[in-house]
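Analysis of the macromolecular model
Read off the chains here:
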Amino acid sequence: MTATTVDTDFIHVFEPGSDPARRPLLLLHGTGGDERDLLSLGRTVAPGASLLSPRGKVLEGAAPRFFRRLAEGVFDEADLRQRTDELADFVLLARERYGLPAPIALGFSNGANIAAALLLQRPEILAGAALLRAMVPFAEPPRADLTGKPVLILSGALDPIVPKANAEALARQLGESGAAVEHRALPAGHGLGQADIGLLGDWLARN
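A few points on the structure. Model, not experiment: these values are computed from the prediction. Along each chain, residue indices are assigned from 1 in the same order as the chain's sequence is written. Only residues with pLDDT of 70 or above have their local features reported here, since the model is predicted, and side-chain atom pairs are shown and tallied only from 80 upward, although totals for entire chains, interfaces and linings are computed over all residues. The side-chain figures draw on all heavy atoms in the structure; neither hydrogens nor water molecules are used.

1. Quick notes on the overall build of the protein
Per the convention used, a helix needs a DSSP run of H or I reaching at least four residues, while a strand needs a run of E reaching at least two, with both numbered from the N terminus. A tally of helices and strands in the protein yields 5 helices and 12 strands. For the protein, whose C-alpha radius of gyration is 15 Å, the value lies close to the compact-globule estimate of 17 Å for 207 residues. Seen through its principal axes, the protein has C-alpha atoms that stretch 40 × 35 × 30 Å. Long-range pairs, those at least 24 residues apart, make up 70% of the contacts in the protein with a sequence separation of at least 6. Methods summary: accessible areas were calculated by the Shrake-Rupley approach with a probe of 1.4 Å, and residue burial reflects only the protein chains presented. Working note: accessible area of the protein is about 8800 Å², and carbon and sulfur atoms make up 50% of it. Radius of gyration means the value over C-alpha atoms here, while the globule rule gives 2.2 Å times the residue count to the 0.38 power. By definition, residues are in contact when any of their heavy atoms lie within 4.5 Å.

Next up, the structure:
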């Protein structure tokens, strides 16, 4: 395992994989998480995959995030666009440094939101994405060609943070851009459970 700070000054962890057939995962934590938050999940759902896990650089109080928000569910879109480019540039540098192909993003909550933003703003960065409890990132999204990119959206039907209509709008938006979207609404809240892990592992085994 490597924990370091590199050119774009994202603190991150990189774990090299043992299965070259597996796509690497870009692990993107939720609010208050860090670069170690999703490592165990990544190992569970994609055994043998390389794991690249940066820490969000924005602090909300003491809680790391990947971009600023103005209120619950209200994003600072100017900051989001800047942070999306910053994260995309980090991924390109990390790919060169560690010899990686384009990763699949695995993001939870705030991390899922910036993963969706990466798909729309910098579609060349990701081979696909698993978005856990994600929201629509942009009120007016950039035009993106996501033809054939696999995207899994797992939303919670009882989620108090992400309205059902918002998750459905995200699935529709990505699908209209050409992504191969699978959207499942689980009988769950904002937290993750065994059903998420099972569906995620099955999807990653196919992508």
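2. Some words on the pattern of salt bridges
By convention in these notes, a salt bridge is any Lys or Arg side-chain nitrogen within 4 Å of a carboxyl oxygen on Asp or Glu. Following the criterion strictly, the structure yields 15 salt bridges and no others. Glu 60 is the partner of Arg 69 in a salt bridge, and the nearest nitrogen-oxygen pair spans 2.7 Å. Each residue is assigned to one of three classes by its accessible area relative to the maximum for its type, calculated with a 1.4 Å probe on protein chains only: buried under 20%, partly exposed between the two thresholds, exposed over 50%. Judged by its relative accessible area of 31%, Glu 60 falls in the partly exposed class. Between Arg 83 and Glu 86 there is a salt bridge whose closest N-O contact spans 3.2 Å. Here the residue Arg 83 and the residue Glu 86 both occupy positions in helix α2 (residues 77–98), the gap between them amounting to 3 residues, near one helical turn. One salt-bridge network, held together by shared partners, links Lys 57, Asp 79, Arg 83 and Glu 86.

3. Concerning empty space enclosed by the protein
Each cavity reported here is a set of points on a 1 Å grid over the protein atoms alone in which a 1.4 Å probe fits but cannot get out, each pocket an open set with protein on both sides within 12 Å along at least five of seven lines, and each lining residue one with an atom within 4 Å of a point. Grid points are joined across faces, edges and corners, and a volume is the space filled by probe spheres set on the points. Scanning all chains against the criterion turns up 1 cavity of 30 Å³ or more. Considering only enclosed or pocket space, the largest cavity measures out at about 30 Å³ in volume. Surrounding the largest cavity, Pro 24, Leu 25, Leu 26, Leu 52, Val 91, Arg 95, Leu 100 and Pro 103 form its lining. Of all the secondary-structure elements, those providing two or more residues to the lining of the largest cavity are β3 (25–28) and α2. Only Asp, Glu, Lys and Arg are considered charged in this grouping, and only Ala, Val, Leu, Ile, Met, Phe, Trp, Tyr, Cys and Pro are considered nonpolar; every other residue, Gly among them, is considered polar. For the lining of the largest cavity, a count of residues per class yields 7 nonpolar, no polar and 1 charged.

4. Here's the deal with the packing of aromatic side chains
Given two aromatic rings, one states the distance between the centres and the angle between the planes to describe the pair. Side-chain rings of Phe, Tyr and Trp (the six-membered ring for Trp) are treated as a pair once their centres are within 6.5 Å; stacked means planes under 30 degrees apart, edge-to-face means over 60, and tilted covers the remaining angles. Applying the stated criterion across every chain yields a total of 3 aromatic pairs. With 5.1 Å between their ring centres and 40 degrees between their planes, Phe 10 and Phe 90 make a pair best called tilted. Of this pair, Phe 10 sits in the loop between β1 (2–5) and β2 (11–15) while Phe 90 is found in helix α2, placing the two residues 80 residues apart along the sequence. Judged by relative accessible area, Phe 10 falls into the buried class, the value being 2%. You can call Phe 90 buried: its relative accessible area is 0%. Ring plane angle 80 degrees and centroid distance 5.0 Å describe the contact between Phe 67 and Phe 75, whose orientation is recorded as edge-to-face. The two residues Phe 67 and Phe 75 agree in class, both being buried. Sitting over a ring, as applied to charges here, requires NZ of Lys or CZ of Arg to be within 6 Å of the ring centre and within 35 degrees of the ring normal. In this structure, Lys 57 packs its charged tip against the face of Phe 10, placed 4.9 Å from the ring centre.

5. Quick notes on the packing of α2 against helix α3 (residues 110–121)
To define axes, lines are fitted to C-alpha atoms, for helices over the stretch in contact only, and angles between the resulting N-to-C directions are given on a 0 to 180 degree scale. As a packed pair, α2 and α3 sit with axes 10 Å apart at the nearest point and diverge in direction by 80 degrees. Considering their axes alone, α2 and α3 lie roughly perpendicular with respect to each other. Residue-level contacts link Leu 80, Arg 81, Arg 83, Thr 84, Asp 85, Leu 87 and Ala 88 of α2 to Ile 114, Ala 117, Leu 118 and Gln 121 of α3. Partitioned by chemical class, the residues of the contact of α2 with α3 number 6 nonpolar, 2 polar and 3 charged. An angle counts as roughly parallel when it lies under 35 degrees, as roughly antiparallel when it exceeds 145, as roughly perpendicular when it falls between 65 and 115, and as oblique in every other case.

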